[in-house]
Amino acid sequence: MQRRKFITGVGSLAAAAVAVTGTGAFTNVTAARNVDVAVADDASAYLRLEGTGGANSEYVTDDGNGGTLSIDLDSKNATSSGGDGVNPDAVTQIDDLFDIENQGTQAVEVSLSKTGDNSSLVKFYKDGNAYSGDSIGSSPVTLGTGSSVTVSIEIDTVGQSVSDGDQLLDSVTFTATATS
Amino acid sequence: MNRRRFVLGLGALAGGGAATVGTGAFSSVEAQRNISVTVSDDANAQLGIQPTDEPSGNYVDTTPNDALAIDLTASNNNVGSGIAGGEGLNANAITEIADVFEIRNQGAQTVEVTATPLAYLETDSGAVAVLLVPQNAPDLFGFGVFYPTDGITIKELDPGDDIRFGLIGLPLSESAIDSAGISDELAISAEAV
């Protein structure tokens, strides 16, 4: 570590031992200040993303406790009853999968962007808007500090040329931006 | 809100005449600091190192001896008040926080301020990088983007002026959760020019 030099500010202590410049102003101040940063799991980070633990938690493969939120509706996460994907030519709605909470210091606007071969078929709705209002992807959600929304998703394959094994959605990027 | 201002008082006692030592040898840095640091003594402190009065100032806490500390962990005393429960950076995410802390020349003469380093990296268990960003550096320098990772020097910080810092956090992998973190120091020095 760089050697720290304190060459001023202790006039009352140092007067007996050192020369005084007599300028009446400080010449040099050096200080070391702590920088501590932790990486938290999604459940306790500044932007909380956490599975609700509700009836549909089987679709949530990582609820954000100890890791990052992950939701899988595919053959790698078949349900206990054998389902491993959504139906073709159908609308599937899954209520209350996860929460988004602002655990920071100021209000934020949360939006999301999706990647995947047919990602437009999967939409995310906040509680109250499901499944008729604007999706979060088209209308960002504003969250004050300590505020949260519970998110449900809808997968609409009606009239779409997708079939067994086709990927719909690969990942979602949440973006929270301070509103002020 | 728990709005405290902490200023570094190392220069505060120098009013009677600044002292210089040629060798730099001293027996106890801590003792000097304990005597010199004062709380809310803005009137006399020469170099103010303090959180901003913006919401992001809550990411700054203090050490037990009232020194400023950038603290994005569960240990920050503002968690639950100024910080709504968050205990760290999200993994696999980019977090940008503006207006975290500032260094203000509260003395009577222009000083050269150095802050180092500005880049922190932890790679032992997962990876996380944190960059301190001098937000108003272009104003102070008079030219555009300038980002030295080893440290920044403001050649002339006039009395009453401040340099304000934000930060960018980049946890690079999920394995960093609850393992990788930054526990380091920022060295700040000011010297009359």
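See the structure above.
Student: Looking at this model, I keep getting lost on the overall build of chain A. Mind explaining?
Tutor: Secondary structure summary: chain A contains 1 helix and 10 strands in total. Beginning at the N terminus, the succession of helices and strands in chain A can be written as α-β-β-β-β-β-β-β-β-β-β. Across chain A, the fraction of contacts at a sequence separation of at least 24, relative to all contacts at a separation of at least 6, is 70%. For chain A, the accessible surface area stands at approximately 8,600 Å², while carbon and sulfur atoms represent 41% of it.

Student: Would you mind going over the overall build of chain B with me for this structure?
Tutor: A tally of regular secondary structure across chain B gives 2 helices and 13 strands. The buried share of chain B, taken over its 193 residues, is 50%. For chain B, restricting intrachain contacts to residue pairs at least 6 apart in sequence, the fraction spanning at least 24 positions comes to 78%.

Student: What is the right way to look at the sheet that holds strand β9 (residues 119-122) of chain B in this model?
Tutor: Paired through backbone hydrogen bonds, the strands of a sheet run either parallel or antiparallel to each other. Residue and element names in this part refer to chain B. Here we have 5 strands laid out as an open sheet, ordered β3-β7-β12-β10-β9, and antiparallel in their pairing. Looking along the sheet, the strands with just one partner apiece sit at the ends: β3 (47-51) and β9. Pairwise comparison of adjacent strand axes, ignoring direction, gives a mean angle of 20° for this sheet. By the bridge criterion, 5 bridges tie β3 to strand β7 (residues 95-105) in an arrangement that is antiparallel.

Student: Whenever I open this one, the environment of P88(A) confuses me. Can you help?
Tutor: For P88(A), the position within the fold is in the loop between β4 (70-71) and β5 (91-102). Excluding its chain neighbours within four sequence positions, the residues that come into contact with P88(A) are T157(A) and V162(A).

Conventions adopted
- Residues numbered from 1 in each chain as written.
- Chains lettered and ligands numbered in written order.
- Predicted model: local features only at pLDDT ≥ 70, side-chain atom pairs only at ≥ 80, totals over all residues.
- Heavy atoms only, no water.
- Helix = DSSP H or I, 4+ residues; strand = E, 2+ residues; numbered from the N terminus.
- Contact = heavy atoms within 4.5 Å.
- Areas by Shrake-Rupley, 256 points an atom, 1.4 Å probe, with all protein chains shown as cover.
- Buried < 20%, exposed > 50% of the residue type's maximum accessible area, 1.4 Å probe, protein only.
- Pairing = 2+ DSSP bridges.
- Axes fitted to C-alpha atoms, helices over the stretch in contact; angles between N-to-C directions.

Read these as spatial facts, not as claims about activity.
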